[in-house]
Amino acid sequence: MGKKKQENFLDYIPKRNKLYDWEWNQKKHVEVAVVNRGMFNRIAQIVFRKPKVSRIELDEMGSFIWQEMDGIKTVYEIGNTVKARFGQKAEPLYERLCEYIRILHNNRFIVYENKKKNRN
């Protein structure tokens, strides 16, 4: 019986989820629009005047990473562009990048395209 090859997170290809609109704000940061759905949110909108749409602002590095998640680049390739743009400021690069991408994925802001196939 062959051993299953373990997947490498750096080979994942993140892509922005089309269900979320986003735009650049005045600070040139990405803002992701999250529509607050469901009964609890509807009650909160009426009773507490909560907004129907929440805007999640990403910081400078997060906005750059968001822009790079195009459904073509792997996490490893995105890391290279982050390192080229932010240098030492991004360290520890892959630990931070992987955690950030996992958080975006857990919140459904991004999806993963098919994992990287050999591109040779």
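Residues numbered from 1 in each chain as written. Predicted model: local features only at pLDDT ≥ 70, side-chain atom pairs only at ≥ 80, totals over all residues. Heavy atoms only, no water.

**Student:** How would you sum up the confidence of the model for the protein chain? Please name residues and give values.
**Tutor:** Summary statistics for the protein chain give a mean pLDDT of 88 and a share of 86% for residues scoring 70 or more. At the level of individual helices and strands, the protein chain shows its lowest average pLDDT in helix α1 (residues 39-47), which scores 71, and its highest in helix α3 (residues 75-86), which scores 98. (pLDDT = per-residue confidence, 0-100. Helix = DSSP H or I, 4+ residues; strand = E, 2+ residues; numbered from the N terminus.)

**Student:** Would you mind going over the packing of helix α2 (residues 60-68) against helix α4 (residues 93-106) in detail, with residue names and values included?
**Tutor:** The interhelical angle for the contact between α2 and α4, taken along N-to-C directions, is 70°, at an axis separation of 12 Å. The angle between α2 and α4 places the two elements in the roughly perpendicular class. For the pair α2 and α4, the contacting residues are M61, G62, I65 and W66 in the first and R96, L97, Y100 and L104 in the second. Considering only residue class, the contact of α2 with α4 consists of six nonpolar, one polar and one charged. (Axes fitted to C-alpha atoms, helices over the stretch in contact; angles between N-to-C directions. Parallel < 35°, antiparallel > 145°, perpendicular 65-115°, else oblique. Contact = heavy atoms within 4.5 Å. Nonpolar A, V, L, I, M, F, W, Y, C, P; charged D, E, K, R; others polar.)

**Student:** Describe the environment of E31, and please don't skip the residues or the numbers.
**Tutor:** With respect to the helices, strands and loops of the structure, E31 is situated in strand β3 (residues 30-35). With near-sequence residues (within four places) excluded, E31 lies in contact with D21, W22, E23, N25, R55, I56 and E57.

**Student:** Tell me about the sheet that holds strand β2 (residues 22-24), and name the residues and values.
**Tutor:** On the basis of which strands lie adjacent, the open sheet formed by three strands has the order β2-β3-β4 and antiparallel pairing. On the outer flanks of this sheet lie β2 and β4 (53-57), each paired with one strand and no other. Neighbour-to-neighbour, the strand axes of the sheet open up by a mean angle of 30°, direction not taken into account. Examined bridge by bridge, β2 and β3 share three bridges and lie antiparallel to one another. Following the sheet pairing, W22 is matched in β3 by V32. (Pairing = 2+ DSSP bridges.)

**Student:** Could you give me a rundown of α2, with the residues and numbers involved?
**Tutor:** An α-helical turn contains 3.6 residues, so any two residues separated by three or four positions project in the same direction. With seven of nine residues buried, α2 lies mostly within the body of the structure. All buried positions along α2 are accounted for by M61, G62, S63, F64, I65, W66 and E68. Of the surrounding elements, those touching the buried residues of α2 are β1 (13-16), β2, β3, α3, α4 and β5 (110-113). Where α2 begins, one side-chain oxygen reaches toward the backbone nitrogen of M61, 3.4 Å away; that side chain belongs to D59. (Buried < 20%, exposed > 50% of the residue type's maximum accessible area, 1.4 Å probe, protein only. Polar contact = N/O pair within 3.5 Å; in protein donor to acceptor, adjacent residues only side chain to side chain.)

**Student:** Kindly report on α3, identifying the contributing residues and their values.
**Tutor:** In a regular helix each residue adds 1.5 Å, so twelve residues correspond to 16 Å; α3 covers 16 Å between its end C-alpha atoms and thus fits that length. Those residues of α3 not exposed but buried are V75, I78, G79, V82 and F86. For α3, the arc enclosing every buried residue in end-on projection is 105°, short of the 170-degree limit, so these residues lie on one face. Elements that come into contact with the buried residues of α3 comprise β1, α2 and α4. Backbone geometry just after α3 places G87 at a positive phi near 55°. (Expected span 1.5 Å × (residues − 1). Arc of directions from axis to C-beta.)

**Student:** With reference to specific residues and values, describe the side chain of E31.
**Tutor:** In this structure E31 is buried but unpaired, with R55 as the nearest side chain of opposite charge at 4.3 Å. At 3.2 Å, the side chain of E31 forms a polar contact with the side chain of N25. (Lys, Arg positive; Asp, Glu negative; His and termini not counted. Salt bridge = Lys/Arg side-chain N within 4 Å of Asp/Glu carboxyl O.)

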